Amino acid sequence: MRSMLWLVALLAGCSGPTPEETRKEAARFRASLEKYRAEYVKGIEKENLLARETLAWLKGAAVTGSHTRRMSDARQFTDRWARVYFVPRTMHEQLRFDRYASPEVRAVQGRVLEHLRTRYFELHEYQRYAQGFPAGHRDFERRLEVREVARDELFGLLAWLP
């Protein structure tokens, strides 16, 4: 019986990563995310500028310009929104395949992935609005008017790592 308890205790202790292994996994996750920091922050700056420019276009030249000019502008905005959308989408694609044994690291990874997914879905919607111009251009305008300025909330999630 005593050897059986010892075996159960040993197996229970081996069921998860050690604190040192958890710290190493957290460092590995930080490094995986950090390599995207500059591009991600630059993408946020571009997104905020693009939102202002798109809104100005929707209230001005998209209404008053010639059909040819409006369609040309719409293609340009579509391309620009696609480039902004690409950053969080690529990050999500790369980070989602990383595997961690630590529940703490997996939890932060899940929050990071959810944040990235939410961002790229929103940005993809803007790309689709520009692509589908003029249909829905009033909805697009309203969404941009109430949109909050994007901020780097992603890297703050790293504070939750052990």
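Residues numbered from 1 in each chain as written. Predicted model: local features only at pLDDT ≥ 70, side-chain atom pairs only at ≥ 80, totals over all residues. Heavy atoms only, no water.

Some thoughts on the overall build of the protein chain
Argument step 1. When helices and strands are counted, the protein chain shows 7 helices and 0 strands.
Argument step 2. Taken from the N to the C terminus, the helices and strands of the protein chain come in the order α-α-α-α-α-α-α.
Argument step 3. For 162 residues, the compact-globule formula gives about 15 Å, and the C-alpha radius of gyration of the protein chain, at 23 Å, lies well above that figure.
Argument step 4. Projected onto its principal axes, the C-alpha coordinates of the protein chain cover approximately 85 × 25 × 25 Å.
Argument step 5. In the protein chain, buried positions account for 37% of the 162 residues.
Argument step 6. Pairs at least 24 residues apart make up 82% of the contacts formed inside the protein chain by residues separated by at least 6 positions.
Argument step 7. Of the roughly 10000 Å² of accessible surface on the protein chain, 57% is carried by carbon and sulfur atoms. (Helix = DSSP H or I, 4+ residues; strand = E, 2+ residues; numbered from the N terminus. Rg over C-alpha atoms; globule rule 2.2 N^0.38 Å. Buried < 20%, exposed > 50% of the residue type's maximum accessible area, 1.4 Å probe, protein only. Contact = heavy atoms within 4.5 Å. Areas by Shrake-Rupley, 256 points an atom, 1.4 Å probe, with all protein chains shown as cover.)

Thoughts on the layout of surface pockets
Argument step 1. Of the volumes computed, that of the largest pocket is approximately 260 Å³.
Argument step 2. If you trace the largest pocket, you find 13 residues lining it, with Arg-119, Glu-122, Glu-148, Val-149 and Ala-150 closest to the centre.
Argument step 3. Residue contributions to the lining of the largest pocket peak at 5 residues, all from helix 6 (residues 103-131).
Argument step 4. Across the lining of the largest pocket, the residue classes tally to 3 nonpolar, 2 polar and 8 charged.
Argument step 5. Each pocket or cavity is described by its volume, and for the second largest pocket that value is around 170 Å³.
Argument step 6. For the second largest pocket, the full set of lining residues is Glu-39, Lys-42, Gly-43, Lys-46, Leu-50, Arg-80, Arg-83, Val-84 and Val-87.
Argument step 7. When residues of the lining of the second largest pocket are traced back to their parent elements, those giving at least two are helix 3 (37-59) and helix 5 (67-95).
Argument step 8. Here the lining of the second largest pocket takes 5 residues from helix 3, the largest share from any one element.
Argument step 9. When its residues are assigned to classes, the lining of the second largest pocket shows 3 nonpolar, 1 polar and 5 charged. (1 Å grid on protein atoms, 1.4 Å probe; cavity = no way out; pocket = protein on both sides within 12 Å on 5 of 7 lines; lining within 4 Å. Points joined across faces, edges and corners; volume = space filled by probe spheres on them. Nonpolar A, V, L, I, M, F, W, Y, C, P; charged D, E, K, R; others polar.)

Function cannot be inferred from these measures alone, as they are strictly geometric.
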